[in-house]
Amino acid sequence: MRGTALAAATMAGVLTLAGCAKDTGGSSSTNTAAGSGSDSSCVTAPKPPAAPAAATSSSSTGEKVDGSKLKVGLAFDIGGRGDASFNDAAAAGVDKAKSELGITTVSESTASPSESESAKQQRLEQMASQGLNPIIAVGFAYAPAVTAVAPKHPDTKFAIVDDDTIKLPNVTPLVFAEEQGSFLAGVAAVYKSKNCHIGFIGGVNTPLIQKFEAGYLQGAKAVSNKVKIEDEYLTPAGDFSGFQDPAKGNVKAAAEINNGADVIYHAAGASGKGVFDAAKTSGKALAIGVDSDQYNQATVAADKDIIITSMLKRVDVAVFDFLQADAKGDLSVLPKRFDLKVDGVGYATSGGKVDDIKDVLDGYKAQIISGAIQVSDKPAK
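Below, the structure is looked at part by part. Every value quoted in this text rests on a predicted model; they were computed, and no experiment measured them.

**A closer look at the overall build of the protein**
In step 1: Helices and strands together make up the secondary structure of the protein, namely 10 helices and 11 strands.
In step 2: Looking at the protein as a whole, 56% of its 381 residues are labelled buried.
In step 3: The contacts of the protein with a sequence gap of at least 6 include a subset with a gap of at least 24, amounting to 71%.
In step 4: Within the structure as shown, the protein displays about 14,700 Å² of accessible surface, and the carbon and sulfur contribution to it stands at 50%.

**A word on the packing of aromatic side chains**
The description of an aromatic ring pair rests on the distance of the ring centres and on the angle between the ring planes.
In step 1: This model, assessed by the stated rule, comprises seven aromatic pairs.
In step 2: Each ring, one from Phe-140 and one from Phe-240, has its centre 5.9 Å from the other, and the planes form 55 degrees; the classification is tilted. Here Phe-140, found in the loop between strand E3 (135-137) and helix H4 (143-149), pairs with Phe-240, found in the loop between strand E7 (228-235) and helix H7 (246-258); they are 100 residues apart in sequence, far enough to count as distant.
In step 3: Overall, Phe-240 belongs to the partly exposed group, its relative accessible area being 25%.
In step 4: Considering the side-chain rings of Phe-200 and Tyr-233, the 6.0 Å spacing of their centres and the 75 degrees angle between planes classify their relative orientation as edge-to-face. Residue Phe-200 is found in strand E6 (residues 197-204), and its partner Tyr-233 is found in strand E7; the two are separated by 33 residues along the sequence. When sorted by exposure, Phe-200 lands in the same class as Tyr-233, which is buried.

**Thoughts on the environment of Val-171**
In step 1: Among the secondary structure elements, Val-171 is positioned in strand E5 (residues 171-174).
In step 2: Placed 14 residues apart in sequence, Val-171 and Lys-157 show a C-alpha to C-alpha distance of 6.2 Å.
In step 3: Val-171 has contacts with Val-146, Ala-150, Phe-158, Ile-160 and Ile-166, leaving out every residue within four places of it along the chain.

The rules we used
Residues numbered from 1 in each chain as written. Predicted model: local features only at pLDDT ≥ 70, side-chain atom pairs only at ≥ 80, totals over all residues. Heavy atoms only, no water. Helix = DSSP H or I, 4+ residues; strand = E, 2+ residues; numbered from the N terminus. Buried < 20%, exposed > 50% of the residue type's maximum accessible area, 1.4 Å probe, protein only. Contact = heavy atoms within 4.5 Å. Areas by Shrake-Rupley, 256 points an atom, 1.4 Å probe, with all protein chains shown as cover. Phe/Tyr/Trp six-rings, centres within 6.5 Å; stacked < 30°, edge-to-face > 60°.

Written out as structure tokens, the structure reads:
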């Protein structure tokens, strides 16, 4: 929790900034920020107050925990290991647990784009019947399957990423404040745009991906009252191919670039590779990755020079913290939601492309943590 010192330090900036940040329709302010990183007059909000030095927290305290008795089942969403995004982040959390907690038994399985609901249930049922415990379901698409399988195995612990609707004693939700991290992505996009014209591409139009969209739009409009924003989805709700269709991502991104967008943020899983390729091919656009630090992902290495940052959704932190807490026998230490305050979301600095605006990003981050800026999880267009 932040104390009164932070409130006092940020109050002056909040009076001029918070109204703009909360009004996703933009502000009437015309003060051009003197902050670095802006090549044009697109930025119209004043720089936020400098962020105070403060530590974030998570259940990963560095203490030595023995997880050698855990036998982990990892049920991936579409794309699995190698998607350079969501699933890879979950895999990284398990890999860290193997290294630091001494876990030796891990069984992985990946969903296919067109598989039936019964296939997901069969996957989890097979893991539970094999004695794997705990079992981690990566993605909200597993919610019906977890709801069906978990009651049959009351002694098996389940965790599900991105869903908190299951109210069972042996199911732990791992959910995130995607809108908070995406707000910072929107700020970065405006500061790095030369055309004052940016874009968003979501994989599938679901409430979850709308949280990414909502934060991005609000962050962009918080710093500019004249930015233009392209806003597209690859597939409608129910068609999950949008998370694994780089070709469609390429076409949509190319169209946004042709319309004038020169910074594009994607929340589209493996389809993001197509977004990156389009930005690179255009020779005039930059991109923002998602979930993992995509600048360092091998599968998109050819495009790393146009990736300015990534919105980090720390599925790796959540998965590791869950496994560590389970090994300790105390799941109550886990946060209700992995947000900016516990480093559950954030932004990447690899490549140094946002170093010049880090003070700006950290200033907004501090205001979100303090509550001075409330970020909506519903898009306001």
